[in-house]
Structures are given as C-alpha cells and as structure tokens.
Amino acid sequence: MEKVKIANRPFGPFITALIGAKVNGKPNYTAVGAYGVVSMKPILYTSLKTTHYTTLGIKQNGYFSINIPSSDIIDKTDYCGIVSGNVKSKSNIFTPFYDKAGDAPMISECNINYLCKVIRTIPMFDFEMFLGEITAVYVNKRCLTDNKIDLVKINPTVLMDNFYCDIGKKVGEVFNEGNDLKTI
Ligand SMILES: Cc1cc2nc3c(=O)[nH]c(=O)nc-3n(C[C@H](O)[C@H](O)[C@H](O)COP(=O)(O)O)c2cc1C
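First, a word on scope: everything that follows refers to the structure included in this document. Just so you know, these numbers come straight off a predicted model, no measurement behind them. (Residues numbered from 1 in each chain as written. Predicted model: local features only at pLDDT ≥ 70, side-chain atom pairs only at ≥ 80, totals over all residues. Heavy atoms only, no water.)

## Some words on the environment of N162
Quick reminder of the rule: Put simply, DSSP H or I for four residues or longer makes a helix, DSSP E for two residues or longer makes a strand, and each gets a number counted from the N terminus.
Relative to the assigned elements, N162 resides in the loop between β13 (157-160) and β14 (163-166). Along the primary structure N162 and M129 are separated by 33 residues, whereas in three dimensions their C-alpha atoms are 22 Å apart.

## What about the packing of aromatic side chains?
Keep this limit in mind: The aromatic pairing rule takes the rings of Phe, Tyr and Trp, using the six-membered ring of Trp, and pairs them if the centres are within 6.5 Å, calling planes under 30 degrees apart stacked, those over 60 edge-to-face and the rest tilted. Exposure categories follow from relative accessible area, calculated using a 1.4 Å probe and restricted to protein chains: below 20% of the type maximum is buried, above 50% is exposed, and the middle band is partly exposed.
Taken as a whole, this structure holds 3 aromatic pairs when the rule is applied. Seen in terms of ring centroids, F64 and F130 are 6.5 Å apart; in terms of plane orientation they differ by 45 degrees. Their pairing is tilted. Remark: F130 occurs in strand β10 (residues 127-139) and F64 occurs in strand β6 (residues 63-68); sequence separation between them is 66 residues. Its relative accessible area of 0% is what places F64 among the buried residues. A ring pair is formed by F97 and Y138, whose centres lie 5.0 Å apart and whose planes are at 85 degrees; its orientation type is edge-to-face. Taken together, the positions of F97 in strand β7 (residues 96-99) and Y138 in strand β10 put the pair 41 residues apart, joining distant regions of the chain.

## Examining the environment of K141
Here K141 lies in the loop between β10 and β11 (144-145). Owing to a relative accessible area of 74%, K141 belongs among the exposed residues under this scheme. When the C-alpha atoms of K141 and T16 are compared, they prove to be 21 Å apart, with 125 residues separating the residues in sequence.

## Some points on the nonpolar core
Considering soluble globular proteins, one finds that nonpolar side chains tend to be buried as a cluster. Cut-off, in case you're wondering: In this description, a nonpolar core means a group of buried Ala, Val, Leu, Ile, Met, Phe, Trp, Tyr and Cys residues linked to one another through side-chain atoms lying within 4.5 Å.
Core analysis: the biggest nonpolar cluster contains 16 residues, and I19, I58, F64, I66 and I68 have the highest contact counts within it. Going through the elements one at a time, β2 (17-23), β5 (43-49), β6 and β9 (112-124) are the ones with two or more residues in this core.

## Overview of helix α1 (residues 53-61)
Test applied: Note on contacts: a residue pair is in contact if any heavy atoms of the two residues lie within 4.5 Å.
Three or more residues of α1 are buried, namely Y53, T54, T55, G57 and I58. Residues of α1 that are buried sit in contact with β2, β3 (26-32), β5, β6, β9 and β10. Positive backbone phi, approximately 75 degrees, marks G62, located one or two places after α1.

## Notes on the pattern of salt bridges
In plain terms, the rule: Salt bridges are defined as contacts in which a side-chain nitrogen from Lys or Arg sits within 4 Å of a carboxyl oxygen from Asp or Glu.
According to the stated counting rule, one finds 4 salt bridges in the structure shown. In this structure, E173 and K170 form a salt bridge, with 2.8 Å as the shortest nitrogen-oxygen distance. Since its relative accessible area comes to 56%, K170 is described here as exposed.

Here is the structure:
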C-alpha cells in the first residue's frame, strides 16, 4: 500500500464535543476535539487551552460536562468554538440541565451527556488536561433502539482537520466482526 508522509500533527478524525462548565455562576460551553477515554474505568479527559473561559469554570467548580452534539446543531457547536465566553456570554445558547452529582451544566439539546468530577489536572504546554471521573451519564431517550444507544440516531459529527462530516452507517458489532479471522 503506497503511503504519503505528512506533517507531525493531529489531523483526526475526532468526534466533536462540547465541554460545559459553570463560570462565575453561569453556564459556558466550548467546542473540542480533544477529549476521550483513558481506560475502561469511568474516566474521561478533556484538554483545554489555559486561557479559555471554560477552563476557568472547571477550576472554579471542579466539574465539567462532555456533551455529544448531533450534526443537526453543527452551527451552534461551531459557534461555541469561534466565540469565547471571555468576550461574549454563551450562557443562553443551549438549555442547560443539572445533576446533583456535580455542578456543571449539561446540554439538553445534545444526545449524550457525561458529567465529570476533576480528579487530576495535568498542565500540557499552554493547555490543561483535566481527567474526570464520570459521576452521571444521560442519553436522549429517542436515541435508544432496543434499550441500547444507537450511534446512527446519536448522529455525532466527525471532525477532520478543518471540516465536519456525518458518520455514515453501522458496519458491525464490537468483538464480533474480527472473529472469522481467528483461524488465519
Ligand atoms: C471544532 C473545534 C474544536 C476545538 N477543539 C478544541 C480543543 O480540543 N481544545 C481547546 O482548548 N480548544 C478547542 N477549540 C477552540 C475553542 O472551542 C474556542 O477557542 C472557544 O471559543 C473557547 O471558548 P471559551 O473561551 O468560552 O471556553 C476548538 C474549536 C473548534 C471549532
């Protein structure tokens, strides 16, 4: 297979998310590609620029939310990545909801919401990496099929360098599609 070597930087693909935090008592949201799992333990991380308004809120309260928007709200998602709460309030752009497990706004309009309690903060150049223990998870009911989260209904947005894409279709079952190759 012919390969082309390209620049040493992350291009993606990543799943676009919105990080929520309460800053000075009001909700704020920022778009990210930098978030993810660290193991199968209930821990997620996000990595935010130190100067972001959201970063301030995470430090104030010790909680953040990771919200998975569908491509239907790509305009609002992108807006949260263009405009900083340092300059203009984003507190009314979404309908927030809360869980008693922690003080961070989650976004009603997003199909999956993770509430996380900061358990470690790792400075990384001009960013801070927040490791968060999951303290509550919500999914919009209409995104379930047979009581399981349906990725196609979630309709997350793939972020690839400088553009967004929808996911296509389901292509298989985890821990199943590779089984036939065990004999080779
Ligand atoms: C698609 C997208 C992904 C982004 N990913 C990140 C990220 O992973 N980490 C980060 O610090 N900023 C990221 N940004 C930039 C912030 O979202 C942006 O600077 C935002 O305005 C900061 O808002 P705040 O100051 O209200 O927190 C991203 C922006 C976009 C549009």
